[in-house]
Amino acid sequence: MLYAVLCYASEDAISSWTREQDDRVMTDLLAIQQKYAKAGKLGPVARLLPTTAATTLRKAKGETLVLDGPFAETKEQLLGFYTVECDDLEQAVAFARELSDANPSGGCYEIRPVGVLNPVAPTI
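The following paragraphs examine the structure supplied in this document. (Residues numbered from 1 in each chain as written. Predicted model: local features only at pLDDT ≥ 70, side-chain atom pairs only at ≥ 80, totals over all residues. Heavy atoms only, no water.)

**Brief notes about the pattern of salt bridges**
A full pass over the atoms with the stated rule returns 5 salt bridges. Put simply, Arg 47 and Asp 22 hold a salt bridge, and the shortest N to O gap is 2.7 Å. With Arg 47 in strand β2 (residues 42-47) and Asp 22 in helix α2 (residues 19-38), this residue pair connects regions lying 25 residues apart in the sequence. Residue classification places Arg 47 among the partly exposed residues on the basis of a relative accessible area of 46%. Judged by its relative accessible area of 16%, Asp 22 falls in the buried class. With its nearest N and O atoms 2.5 Å apart, the salt bridge here joins Glu 110 to Arg 112. Overall, Glu 110 belongs to the partly exposed group, its relative accessible area being 26%. (Salt bridge = Lys/Arg side-chain N within 4 Å of Asp/Glu carboxyl O. Helix = DSSP H or I, 4+ residues; strand = E, 2+ residues; numbered from the N terminus. Buried < 20%, exposed > 50% of the residue type's maximum accessible area, 1.4 Å probe, protein only.)

**Brief notes about the packing of aromatic side chains**
Within this structure, the stated rule accounts for 2 aromatic pairs. With 4.6 Å between their ring centres and 75° between their planes, Tyr 36 and Phe 95 make a pair best called edge-to-face. Here Tyr 36 is found in helix α2, whereas its partner Phe 95 is found in helix α3 (residues 89-102), with 59 residues between them in sequence. Of the two residues examined, Tyr 36 and Phe 95, each falls in the buried class. An angle of 80° between the planes, with centres 5.5 Å apart, marks the rings of Tyr 82 and Phe 95 as edge-to-face. You can see Tyr 82 sitting in strand β5 (residues 77-85) and its partner Phe 95 sitting in helix α3, a full 13 residues away along the chain. Look at Phe 95 and you get buried, because its relative accessible area is 0%. (Phe/Tyr/Trp six-rings, centres within 6.5 Å; stacked < 30°, edge-to-face > 60°.)

**Notes on the nonpolar core**
Grouped together as the largest cluster of nonpolar side chains are 20 residues, with contacts concentrated most on Val 5, Tyr 82, Val 84, Phe 95 and Leu 99. Counting only elements with at least two residues in this core, the list comes to β1 (2-9), α2, β5 and α3. Take this core: its biggest share by element is 5 residues, from α3. (Core = buried A, V, L, I, M, F, W, Y, C linked by side-chain atoms within 4.5 Å.)

This is the structure we're talking about:
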């Protein structure tokens, strides 16, 4: 089963890290990624830019509005995601636990089974 592991944390906490702290965390996370990639279990991985770079489309009363920034005000923001092939939910939880152990941000990891993965956009 393919799982998406969504990484949430406070952008303020992450952006307060020094370059050295960020590099150390990214190095630790890369070691985990490489382990799963070598096993053929790791799919796309992305670290998102801050929500200040976001644009939100919202449909209201039949009209689509384009808004700068995120729509929701939350304590934690979606910072990135992993896709990982696991035999079951327990393996996906173990993967997320490894990520959590390597990341001092205190955020959370949401694990969801992937229903459809379209690796290449269809040609129209």
